[in-house]
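Descriptive analysis of the structure
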Number of protein chains: 2
Amino acid sequence: MLPRGRPRALGAAALLLLLFLIGFFLFGGDLDYGRPRPRGAAALDGDLPAGYGGHNSSDCDPPRPRPRPPKCELLQVAIVCAGHNSSRDIITLVKSMLFYRKNPLHLHLVTDAVARNILETLFHTWMVPAVWPQVSWIPNKHYSGLYGLMKLVLPGVLPPDLVRVIVLDTDVTFASNIAELWALFAYFSDKQVIGLVENQSDWYFGNLWRNHRPWPALGRGFNTGVILLRLDRLRQAGWEQMWKMTATRELLTLPATSLADQDIFNAVIKEHPWLVQPLPCVWNVQLSDHTLAERCYSEASDLKVIHWNSPKKLRVKNKHVESFRNLYLTFLEYDGNLLRRELFGCPCPLPPGAKQLQRALARLDEEDACFEFRQQQLTVHRVHITFLPHKPPPSQPHDVTLVAQLSMDRLQMLEALCRHWPGPMSLALYLTDAEAQQFLRFVETSAVLSARQDVAYHVVYREGPFYPINQLRNVALAQALTPYVFLSDIDFLPAYSLYDYLRASIKQLELDGGRKAALVVPAFETLHYRFSFPTSKAELLALLDAGSLHTFRYHEWPRGHAPTDYAHWREAQEPYRVQWAADYEPYVVVPRDCPRYDSRFVGFGWNKVAHIMELDAQEYELLVLPEAFIIHLPHAPSLDISRFRSSPTYRDCLQALKDEFHQDLSRSYGAAALKYLTALQQPRGPV
Amino acid sequence: MLPRGRPRALGAAALLLLLFLIGFFLFGGDLDYGRPRPRGAAALDGDLPAGYGGHNSSDCDPPRPRPRPPKCELLQVAIVCAGHNSSRDIITLVKSMLFYRKNPLHLHLVTDAVARNILETLFHTWMVPAVWPQVSWIPNKHYSGLYGLMKLVLPGVLPPDLVRVIVLDTDVTFASNIAELWALFAYFSDKQVIGLVENQSDWYFGNLWRNHRPWPALGRGFNTGVILLRLDRLRQAGWEQMWKMTATRELLTLPATSLADQDIFNAVIKEHPWLVQPLPCVWNVQLSDHTLAERCYSEASDLKVIHWNSPKKLRVKNKHVESFRNLYLTFLEYDGNLLRRELFGCPCPLPPGAKQLQRALARLDEEDACFEFRQQQLTVHRVHITFLPHKPPPSQPHDVTLVAQLSMDRLQMLEALCRHWPGPMSLALYLTDAEAQQFLRFVETSAVLSARQDVAYHVVYREGPFYPINQLRNVALAQALTPYVFLSDIDFLPAYSLYDYLRASIKQLELDGGRKAALVVPAFETLHYRFSFPTSKAELLALLDAGSLHTFRYHEWPRGHAPTDYAHWREAQEPYRVQWAADYEPYVVVPRDCPRYDSRFVGFGWNKVAHIMELDAQEYELLVLPEAFIIHLPHAPSLDISRFRSSPTYRDCLQALKDEFHQDLSRSYGAAALKYLTALQQPRGPV
C-alpha cells in the first residue's frame, strides 16, 4: 500500500537490522508445522481454467461455475492500520465490505497505539452482528514507520490456528461480496500459498525514468492491496526465512529505495513462482495515474474491488475516475448504523453488550408516552475518538481541557473558540457519516483550526430523534487528558485570559492537594450579533451597565445562575464559596475524574442541573472565580429545541426523568440527598 | 400493490363499465400478432429444475448455473406511479435498482398528471448514463383511482414492439442486480407469459376473519409486486379478453371487495395455470405483518428484492424488520448524484443535455482561479418539484406567490413564514437526499406546516461547494402558479397584512393592464433575537425611532437599499416611483414571467443586484409601496458566507463574473446598458 511514487530513504543497513528484529520478536521458534488441512482444500485444489488470471479480453471474469463458500461460513480478514488518517480510511473499506457481505466475518486489525484506541472504541460501539473485530496492537517501537512491511509478518502475528486469511490495504473499496473472493482459495494448488492480482502498471518493467531500478518481479509483478494467504502453508514452508533471505540479498545489490512489502513479495515470487496463484484482475482494480486497469474493467461484467493505489488517492487523474469516486463516496458517506443488519439464517452470537442492550430495549413499553426518550437513552452511538490527527500537549500538573459538544450547526463557533482558548480541548461532535466528511473539509480549509494539534475531535454518530447531550459530554470528558476539565458549552466564548487564569487558580487554590472543589466560571450573554468581546472584567462590567450584556438567561431563567451571586462577583477580588440551590447549573472547572453526566437526560432540559446536583451530593465545594467569565453568543433556536419546548409530552417526560433521577440520588446518597427532594417541591419555572 | 387490508368500495356495475372503457381506449383493435420471437427464447425455454419456485428448504436459491443476460443488454422495466407520495417512493426503488445494475435500462413510467410533472423534471435533471426514462401520462380521467388496475393493461399501454418487461411496484427495494431477474425469462416455457413469486401469506386461503372471501387463486396465490411479462405472447394470447372475462365473471358472484390487479391476475392464473412461471421467492420477499417470508430468507443465501406490501409500510411489525428497514433507508438517504456512474464497456449514448454539458465542462480551465465557480454554474442539480402533496389555490387574477429558497439551517423559519404569509408560496430547498427525509419529517410533525396545502416545496439536491442561490430562485420562480410573484428571502418575515395589501396594490395599480412595474417592498432588520413583530407601519416606525429596528443592512451596505428612499417612505401615502442606482437590490413583486435570475452568480454577492439591473434594463418601473414592509431576523453567519467573505479569490472571481455579466448586458440591451457600465466605475463597497 505504500505509495509507489514516494521513495522512502531507509538505509539498507538499518533495514537489515529491523528485518532481523521482526523475525526475533514475532517468529522466535513458534512455528507450527502440524496444522490440519483446511476443510475442502484438497477437493477444490487443482488447475485453474485457462486465462484465469490474465488481462486479455474475456479473461477478467472468473470462470463459471464458481465455487461459493457455504452460507454462514466464517471468513477471516486482516488489515494493517496505523495512525489517525488510516483509521478513517479503514472505516470506508469496512463499510463497503459489510455492505455486500453475507457471511460472518472475523476482522484481524493489526494496529499502532493510536489506531488501537480509535478502532477498539469504534468497533465496540458499532456492534455489527456477525462481525468479530480483534484489534492486535504491535507495541514494539521498532515497527513504527515500518507498517508497510507488516503484511510480510502476518503469518507470525495472526493467531497460530488461523489457516486462511484475506489481507486488505486500507485504500481498497469493495463493490461485491467478499465471499466470492474467499471462494478463490479453492483454486489454489497444493503448492500455492499466495493469491495476488497482477500489477496494472509498468512499474516493475523499469525505465519509467532515468535510474528507475525497480525490485525484481515476475513480468508485470503483482499488487499487494488484496492478498489471499494460506497461512498454514506459509508457516510450514518457512516463509519467514524465505522472504528475509530474498530481501537481504536484494538489498545488497539494490540501492535502498521505495521499500514496501510489495517489493519483497514480488522478489520472493520471482524466485519461487509456484507460490503464487494469480487472481482475476477485477479483484484489485488499481486506480493509479497511468493505470492499465481499463483493459480489465471495460471487459469484465463486474468490478469487485477498486484500489486507490496512487499517492493522490481520489485526486488521481483518470478518465473514469468520477465513476469510481462515486462508488467510494457511497461508502464514505454511508450511515454505518445501517450496517447493523442481521445475517438471516446464520447463528449469530451478538457482539459484547448487544445482548443486554437488546433485553433492555425489549423491556421498554412502546405505548409509554416517553418511549422515545427511553429508547434514546439506551442507544449505543458509534463513537470515533480523535477523528483528526491529535497531539496532546505534554502533561502538566494544573492543566485544564475545555470540554464541549456540538453538532453541524455550531461548526462556525470553532474558530472563535480556538482564538479565545489557547489550551487543549476535547470536543464531541454529533454528526452523520456524511457530515463528518464536511467537518473534515471544514477543518482542512481553516488555517486557524488546522494549526491546532491540541484540539481532539470525537465524532459521535447520529441516531434517534433526540440530541444525546449528556452522552456527548461524557465522551468528550472521557477523552480529556489533563488533570482538570472546564465543562463548557459550545455557544460560549471564554475570556481571552481564562485558560491562563484557570491554571493559576487551580495552583493557587491547591486543588491538586486533594481539595474537592468545582470552580465556577460566571456566565453572561449578549443578544446582539455584532459584539466587541470585553478584554477585561472592567470592560465586561461596563457593557453590563450599558445593557449590551446580561447575566446568562437573566430574562428567562434566572434561577439557573442566581447562586453564583453576580452582585458579589462584581466586587469580588478573591474566590468565594457559594451554596447549591435548586436548578443551579453553572459552568465549572473540576478534576477529570469528576462524576459523569447522567445520560438519561437527552434533548433539552435538566442535563447540567443533575450533574451539579451530583457534584454537590459528593461534597464538591462551589468556588466562584472573581476574574473568570464566559459570554454566550446568540444563535437561532435549534430545530429540536423549538419542537420540544412546545410539546406537553416532552415536559411530562422530563418530569418523569427528573423524578427517577431523584430516586436514584436518594438510593446513592441516602439522607444527604433529602435536600434535593425538598428543593423539588418548590414551584418551578420553564424547562 | 394496493394494500390488502383496505377494501375499496367500488360497485360491481361501475367497475364493469370501467373495465370495458379501459379496453376501448387502450386496446381498440390494435393488437399485433405478428411479432418476431425474442432472441434466445427458443433456446432457453424448457423445464425448470425441481423445486425452483417453492418455499421449501434450499428451494429459494435459483439453480446454478444461472443464465446471465449478456453484458450491455438493454433491460426493460415498467412502473406505475400516481400522485406526490408514490413519486417519492419510486425514487427509492429506482435508486436501489440503479445501485446494483450493470446494464442499460429503459424505464417505462406510467403516470398521472402530478407524477408526470415530477418525474419528467427529476429524470431530466438526474441525467444518469445508460438510463432511458420514458414517462407515459395516461390522461383519461376514468383511470384516476384505478391505478391499481393499470398493470393489467400494460400490454396495451407499452410500446407495441416491446417484447419483455419487468413490472415493479413502487414499494419494492432491490438488494441485487436486476439483470439476474431479467435472466429468469430464459426459464419460461413456450406457453408461459407471466413470471410471479408466490404469495407469502395465507390471504387467498380465505377465512382470515368472518366473511373473508378472497378472490380465487392457485394455492397460496401470487404476489404482483414483481412481475415478468412476455408482452408479445400476452398480446398474441388475447390477454385483454382473458382478464376481462375472468374479472367480469368473478364480479358477478363475488361481492365488490378489495379490488386490485393482483386479484384479477390470480383469478386468471387459477383458470389458466399454464400461463404462470413461478419465480424464486427471493425476488419478492413480502414484508407484511403475518408474513411467511422468513421461510424464504433464512434459507436463501441472498435476498434479491424486498417488498413493503403492508399498508403500514416501514412501520410493519416483524422480528427482522429492523434489518430490512436498514436496507430501505440505505437507498432512501442515498445521494442520487452518485448514481451518475458510467457503465464501463457498454456503448452509452449520453442523456439529453449531458453531451453539451460535458463539452462545456471540458472547455473549463482547471488552473483558472475561478474554476470552481464556473463548474458550479454549469452543474445540473437534480430537481424534485412538489416534493410534498400540493394543491394550488384556484387561479385569481391578482394573486401573488411568495418565492424564496433555503437550506436545512433555515427550516425553523418556515412556521413563522406560514403565520405571516397566508397566501401561496413556492420554495426551493437545497438539500441532500438524507436531509430531504428530515425535512419531510419536520413538515409532518408541524401542525402549522401540514395544515398548508398551498405551499409548494421543490427540492434541489446539493452538489458542489457553492450555494447555487440564483438557480434555486429560478426553480422556485418557474413553479409559481399565480400571475404575480413576490421575490423574497427566507430570513425575512412579511408584515401580517402584506399578502392582502399586495393583491390590492396589484389591482389598484392596474398591473394586469400591461403596466410593466416592479413593486418594491421596503426591507428592515432587527439585530435582536427576542422581538415583537410590529402590526402596523406606525408601530414599525416607532420601533425604528427607538433603535430596535433598522433599515436593512443600514450599517454594512446602505447602497443596497438607499434608492428605496426610506425618508420618503415614512411619510408616503401613495406608491412612488424611484430610479435604479448602482447596487440597488430591493425585494420586489413582479409578474411571473419576469426575467430569470442570472445563474452565474453562485454563493454570495451580487445575485439580486444583477436581477434588478435586468428589470431596469427591460424598463420595469420601480414603485415603492407605502404600507408594505418585511423584516429580516438575525441568524448566525452561515459557514459559506464566513468562509468566502474572507477569501481574496472569492472577491476576484465575483469581480470577473460581474464584468462578464456587464458584457452580456451590453450585448443584449446595446447603448441602453451603458449606464450600468458607468455605474460600475464608481467606488464600491463590500460584497
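Along each chain, residue indices are assigned from 1 in the same order as the chain's sequence is written. Ligands are numbered from 1 and chains lettered from A, in the order in which they are written. In keeping with the predicted nature of the model, local features appear solely for residues at pLDDT of at least 70, side-chain atom pairs appear and are counted solely at 80 or more, and the whole-chain, interface and lining totals rest on all residues. Think of the side-chain values as coming from all heavy atoms in the structure, minus any hydrogens and water.

Here, residues are in contact when the closest pair of their heavy atoms is within 4.5 Å. The interface of chain A with chain B comprises 50 residues on the first partner and 50 residues on the second. Two parts placed together each lose some accessible area; with a 1.4 Å probe, that loss summed over both constitutes the buried area. In this assembly, chain A packs against chain B so that about 4,600 Å² is buried in total across both faces, 55% of it on carbon and sulfur atoms. Whenever a carboxyl oxygen of Asp or Glu lies within 4 Å of a side-chain nitrogen of Lys or Arg, that contact is scored as a salt bridge. At the junction of chain A and chain B, the tally comes to four salt bridges. A salt bridge links Glu-366 of chain B to Lys-317 of chain A; the nearest nitrogen and oxygen atoms lie 3.2 Å apart. In the analysis that follows, any N or O atom pair within 3.5 Å is treated as a polar contact, provided that within protein one partner can donate a hydrogen and the other can accept it, and provided that, for residues neighboring in sequence, both atoms belong to side chains. The interface formed by chain A and chain B holds 14 residue pairs in polar contact (both at pLDDT 80 or more) in total. Of all the elements, helix H11 (residues 321-332) of chain A adds the most residues to the side of chain A that touches chain B, at seven residues. Split by residue class, the side of chain A that touches chain B holds 20 nonpolar, twelve polar and 18 charged. Secondary structure elements are defined from DSSP: runs of H or I of at least 4 residues count as helices, runs of E of at least 2 residues count as strands, and each element is numbered from the N terminus. Put simply, Ala, Val, Leu, Ile, Met, Phe, Trp, Tyr, Cys and Pro go in the nonpolar bin, Asp, Glu, Lys and Arg in the charged bin, and everything else, Gly too, in the polar bin.

With that settled, consider the relation of the copies chain A and chain B. Here the copies were fitted onto each other by least squares, based on C-alpha atoms from residues at pLDDT of at least 70 in both. When chain A is fitted to chain B, the best match, at an RMSD of 0.1 Å, comes from turning it 180° and sliding it 0.0 Å along the axis. In the structure described here, the two chain copies are related by an operation that fits a two-fold rotation axis.

On to the domain arrangement of chain A, then. Residue and element names in this part refer to chain A. Each domain of chain A was delimited in the assignment, giving domain 1 (75-339) and domain 2 (383-680). All domain edges in this entry derive from an automatic or database-based domain assignment. Averaged C-alpha coordinates put domain 1 and domain 2 at centres separated by 45 Å. In this complex, domain 1 contributes 17 residues to the contact, which on the side of domain 2 involves 14 residues. Note on domain 1 versus domain 2: buried area summed over both sides is about 1,300 Å², and carbon and sulfur give 56% of it. Sorting the residues of domain 1 by area buried against domain 2 places His-84, Arg-88 and Asn-337 first, and these three jointly supply 41% of that buried surface. Applying the counting criterion to the domain 1 and domain 2 interface returns one salt bridge. A salt bridge links Asp-433 to Lys-95, with the shortest nitrogen-to-oxygen separation between them at 2.8 Å. Where domain 1 touches domain 2, the interface holds five residue pairs in polar contact (both at pLDDT 80 or more). Of all elements in the fold, only helix H3 (83-100) and helix H4 (113-126) reach the threshold of two or more residues within the side of domain 1 that touches domain 2. In terms of residue count, the dominant contributor to the side of domain 1 that touches domain 2 is H3 (six residues).

In summary, the pairing rule links any two rings of Phe, Tyr or Trp, Trp by its six-membered ring, whose centres are within 6.5 Å, and it sorts them by plane angle into stacked for under 30 degrees, edge-to-face for over 60 and tilted for everything else. Scanning the model with the defined rule gives 65 aromatic pairs over all chains in all. Residues Phe-324 of chain A and Phe-344 of chain B carry aromatic rings whose centres are separated by 5.0 Å and whose planes lie at 20° to one another, so their mutual orientation is stacked. Of this pair, Phe-324 of chain A sits in helix H11 while Phe-344 of chain B sits in the loop between helix H11 (321-332) and helix H12 (354-363), placing the two residues on different chains. Assessed through its relative accessible area of 13%, Phe-344 of chain B is described here as buried. Here Phe-373 of chain B and Tyr-650 of chain B contribute two aromatic rings whose centre-to-centre distance is 5.4 Å and whose plane-to-plane angle is 40°, an arrangement assigned as tilted. Only protein chains enter the accessibility calculation, which uses a 1.4 Å probe. A residue is then buried if its area is under 20% of the maximum for its type, exposed if over 50%, and partly exposed in between.

All names here are of chain A. Any pair of cysteine sulfurs within 2.5 Å is marked as a disulfide. Applying the stated criterion across every chain yields a total of six disulfides over all chains. Here Cys-281 is linked by a disulfide to Cys-296, with a sulfur-sulfur distance of 2.2 Å. With the S-S dihedral at roughly 90°, the linkage between Cys-281 and Cys-296 falls on the right-handed side. Of the two residues, Cys-281 is situated in the loop between strand S8 (276-279) and strand S9 (285-286) and Cys-296 in helix H10 (residues 294-297); the sequence distance between them amounts to 15 residues. Given the relative accessible area of 0%, Cys-296 is considered buried.

All names here are of chain A. For two strands to be treated as a pair, DSSP must find no fewer than two bridges joining them. Overall, mixed pairing links the nine strands, which are arranged S11-S14-S13-S12-S15-S21-S17-S22-S20 in an open sheet. Each end of this open sheet is capped by a strand with a single partner; those strands are strand S11 (383-384) and strand S20 (576-578). As judged from the six bridges shared by strand S12 (residues 400-407) and strand S13 (residues 425-431), these two strands associate in the parallel manner. What sits directly across from Leu-402, in S13, is Met-425.

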